[in-house]
Amino acid sequence: MTKQARGNGTDDFETDVVSREIIRGKLLAVADEMGLVLMRSSMSPVIYEVLDFACGFCDPDGDLVSQTNGITVFTGTFSIQINVIKQKFGDRIRPGDIFMLNNPYEGGTHYNDVGVIKPIFVNDKLFAFAISISHWTDIGGKSPGSLPADATEIFQEGICFPGIHIYKAGERQDAVFEIVANNVRLPKMALGDLNAALASVRIAEKRCLELCAKYSKLAVKETFRHILESSERVSRAAVAALPDGVYQAEDWVDGDGISDERFPTHVEVRIEGDTITFDYSGSCDQLQGPVNCSRSALVSAVKTIFKAIVDPQAPSNEGWFRPLEVVAPDGTVFTAVKPAPVGWYYEGTGQASELAWKALAPIVPERVSMGSANSLCVTVLGGYDRARKESWVMIEPSMVGWGATDERDGNCVTSAITNGDTFNYSIELLEAKFPVRVKQYALNTPGGVGAGLHRGGYGSIREYEILADDTVLSASYGRSIEKPWAGSGGAEGSCNYFELQVGNDARRAARAPTTIMKRGDIIRMFTGGGGGYGDPFDRPAREVLEEVRAEYITAAQAREDYGVVIAVDGRSVDKASTNKLRTG
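Residues numbered from 1 in each chain as written. Predicted model: local features only at pLDDT ≥ 70, side-chain atom pairs only at ≥ 80, totals over all residues. Heavy atoms only, no water.

Peer 1: Whenever I open this one, the overall build of the protein confuses me. Can you help?
Peer 2: Secondary structure assignment for the protein yields 13 helices and 20 strands. Its C-alpha radius of gyration of 25 Å places the protein within 12% of the 25 Å reference for a compact globule of 584 residues. When the backbone C-alpha atoms are referred to their principal axes, the protein occupies close to 80 × 60 × 40 Å. Counting over 584 residues, the protein shows a buried share of 59%. Of the contacts formed within the protein by residues at least 6 apart in sequence, a portion of 70% connects residues at least 24 apart. Carbon and sulfur atoms make up 48% of the accessible area of the protein, which amounts to about 22,300 Å² in all. Side-chain charges in the protein split into 60 positive and 77 negative, and the spacing between the mean points of these groups amounts to 4 Å. (Helix = DSSP H or I, 4+ residues; strand = E, 2+ residues; numbered from the N terminus. Rg over C-alpha atoms; globule rule 2.2 N^0.38 Å. Buried < 20%, exposed > 50% of the residue type's maximum accessible area, 1.4 Å probe, protein only. Contact = heavy atoms within 4.5 Å. Areas by Shrake-Rupley, 256 points an atom, 1.4 Å probe, with all protein chains shown as cover. Lys, Arg positive; Asp, Glu negative; His and termini not counted. Charge placed at Lys NZ, Arg CZ, Asp CG, Glu CD.)

Listed below in structure tokens is the structure:
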């Protein structure tokens, strides 16, 4: 199974290739099983339906060695959060300990994203860590769902767990559970989700001990090292293959929930040999509203983009990110410091991700799509349902249009860049769980996309009728003014917004202050389309015709945007007129 050890450590111990690959596969399976346990045990639809969670398995140094698919911006914080616990407790970490952490300024993202961390001991020695992070539907604060779009300080966004024991040497810390139960709007759901997270890290411990018993502790530990070192080698080679240089991109934050002002952001990407630096120093100061993100969330967002560039398919681990450095001063929109609000941090991380994506597009066009309607476009509704005699909270990300690539059209109705493998609610579940009626779900063809040789992907329209009085709305959509960018002659995409019909008042907005809605009121959510790639006049005329016949675009749009003239019968292309228009 293994080559003979020449000592007690892993520096002089080498596992044979077959055993190492088996162990690697089992470590990936451990992370996947953690995710399944969490998903199937949770009580929040945002966890078991939207899949707003991620799980990981880390070595004793806190370096990620395997993870589930899930929220991409969570997985980049695993190592950061574990090292926060290590620095805080040091040698006081004991078998049977389990910790809870959600502090955005110490490794977290926002208060709703609660991390549960279990150190794993083998023969009374710290061997690994299991971590799960999941979005709690409510964690207190000034509005249902704990995401007031008009928050001006983090204290309005809920309660903080600054790296605390929930189990200490195997003993349940009842006071922590009581604090949770007495400070959230949905205590049964929150405690159920906490227990689901506990189950996920406990199954990781069980599988780790089984793995060590079967293959030996040294073999598993040596595989940890091999996973990290082999990934680092591939990553450095991928960076070294990129042209050295300095690449820059600029963008705008379209309002922050308090002000409608637009705020500038900037990234400079420096590639030198096998190292790469993302420098956000030119971005605006932290904002009054809650679209800021903390440093840990920024680093995680950049990791997402970096991994997509160097090897998007291989399983992720901390070794991939050793060539990477992220630079930014404290106190920017991407490195907010307390007490700045960060509830809608995914708007900040989305902006940071898109900046990096845009800066690298010219040198890796085969890996990067054009600009997307880059916002989670989250809508939060909640209150008290008198018919069901219970409190309720619905939080839902919207699906957006992605940009085209140099090979194909952009994806339609897909989760934004930082949200990974997540979904919106199925209509059946949404109407069964919440006092909401879905009146429309369609492609946002009226909003359009960026035309091009390859067009951008379409966003969506989703319309809800409110069925409970005194429903509280919080909503904040980015990319509402600055259109998704295009490339190589393509056209820009379209923007995100929502329409509210509250009583006799109807208005269009992108970031709404906390709003009270009544039974019969309407919210319509429109997400934008992605940017196009290439000259639209180079798009095959038959493809343009197909989109006219499918009612994605009109004959007038075909003529204006693509130079394609549709025949009077509406079923064919007027080739002569098209050739004249395109060449003249």
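Peer 1: Explain the layout of surface pockets to me, please; I cannot follow it from the model alone.
Peer 2: Unfilled space is identified by rolling a water-sized probe across the atoms. In this model, the largest pocket occupies a volume close to 1,200 Å³. What lines the largest pocket is a set of 42 residues, among which Thr72, Thr304, Ala308, Pro312 and Asp421 lie closest to the centre. Of the residues belonging to the lining of the largest pocket, the class tally is 12 nonpolar, 19 polar and 11 charged. As a volume, the second largest pocket reaches approximately 300 Å³. Secondary structure elements with two or more residues in the lining of the second largest pocket: helix H2 (45-48), helix H6 (187-215), strand E13 (390-396) and helix H10 (427-433). The element contributing the most residues to the lining of the second largest pocket is E13, with 4 residues. Residue composition of the lining of the second largest pocket, by class: 10 nonpolar, 2 polar and 5 charged. (1 Å grid on protein atoms, 1.4 Å probe; cavity = no way out; pocket = protein on both sides within 12 Å on 5 of 7 lines; lining within 4 Å. Points joined across faces, edges and corners; volume = space filled by probe spheres on them. Nonpolar A, V, L, I, M, F, W, Y, C, P; charged D, E, K, R; others polar.)

Peer 1: Would you take a moment to explain empty space enclosed by the protein for this structure?
Peer 2: For the coordinates displayed, the defined rule picks out 4 cavities of 30 Å³ or more. Put simply, the largest cavity is a space of about 130 Å³. Every residue lining the largest cavity is counted, 18 residues in all, and those nearest its centre are Asp52, His135, Tyr346, Leu376 and Asn419. For the lining of the largest cavity, the secondary-structure elements that each account for two or more residues are helix H3 (72-75), helix H9 (345-360) and E13. Partitioning the lining of the largest cavity into residue classes produces 11 nonpolar, 4 polar and 3 charged. If you add up the space inside the second largest cavity, you get close to 70 Å³. Of all the secondary structure elements, the ones that give two or more residues to the lining of the second largest cavity are strand E8 (245-254) and H9. At 3 residues, the largest contribution of residues to the lining of the second largest cavity is made by E8. Classifying every residue of the lining of the second largest cavity by side-chain character gives 2 nonpolar, 3 polar and 4 charged.

Peer 1: What exactly am I supposed to notice about the sheet that holds strand E20 (residues 522-526) here?
Peer 2: Note: strands within a sheet are paired through backbone hydrogen bonds, in either parallel or antiparallel orientation. Pairing within the open sheet is antiparallel, and its 5 strands lie in the order E14-E15-E20-E17-E18. What marks the edges here is a single partner per strand, and that holds for strand E14 (436-443) and strand E18 (505-509). Strand-to-strand twist of the sheet, defined as the mean angle between neighbouring strand axes without regard to direction, takes the value 10°. Direction of pairing for strand E17 (residues 497-502) relative to E18: antiparallel, over a ladder of 5 bridges. (Pairing = 2+ DSSP bridges. Axes fitted to C-alpha atoms, helices over the stretch in contact; angles between N-to-C directions.)

Peer 1: It is not clear to me how helix H8 (residues 295-310) should be interpreted in this structure. Could you clarify?
Peer 2: An α-helix turns once every 3.6 residues. As a result, residues three or four positions apart point the same way. Along its 16 residues, H8 runs 22 Å from first to last C-alpha, staying within 8% of the 22 Å computed at 1.5 Å per residue. Buried residues dominate H8, accounting for 15 of its 16 residues. (Expected span 1.5 Å × (residues − 1).)

Peer 1: I keep staring at the sheet that holds strand E3 (residues 98-101) and nothing clicks. Help me out?
Peer 2: Strands sit in the order E2-E1-E5-E4-E3-E6-E7 across an open sheet of 7 strands; the sheet is antiparallel. If you trace the sheet from one side to the other, it starts and ends with strand E2 (64-67) and strand E7 (171-172), each paired once. Strand direction decides the pairing type here: strand E6 (residues 162-168) and E7, joined by 2 bridges, are antiparallel. Residue Lys168 lies in a different strand from E7, and its bridge partner there is Glu171. Strand contacts of helix H4 (residues 78-89): strand E1 (53-58), E2, E3, strand E4 (113-122), strand E5 (125-135) and E6, with the helix running at about 125° to E5, the strand carrying the most contacts.

Peer 1: Is there a simple way to think about the packing of helix H1 (residues 17-41) against H6 in this case?
Peer 2: The axes of two packed helices give the description: the angle between them and the distance between them. At their nearest, the axes of H1 and H6 sit 8 Å apart, and the two run at 160° to each other. Between H1 and H6, the crossing angle belongs to the class labelled roughly antiparallel. Along this stretch, H1 crosses H6, giving a crossing that reads as right-handed. Between H1 and H6, the contacting residues are Ile22, Ile23, Lys26, Leu27, Val30, Glu33, Met34, Val37, Leu38 and Ser41 on the first element and Gly192, Asp193, Ala196, Ala197, Ala199, Ser200, Val201, Ile203, Ala204, Arg207, Leu211 and Tyr215 on the second. A breakdown of the residues in the contact of H1 with H6 according to their chemical character gives 15 nonpolar, 3 polar and 4 charged. (Parallel < 35°, antiparallel > 145°, perpendicular 65-115°, else oblique. Left-handed = near helix turned anticlockwise from the far one by under 90°.)

Geometry only, nothing functional implied.
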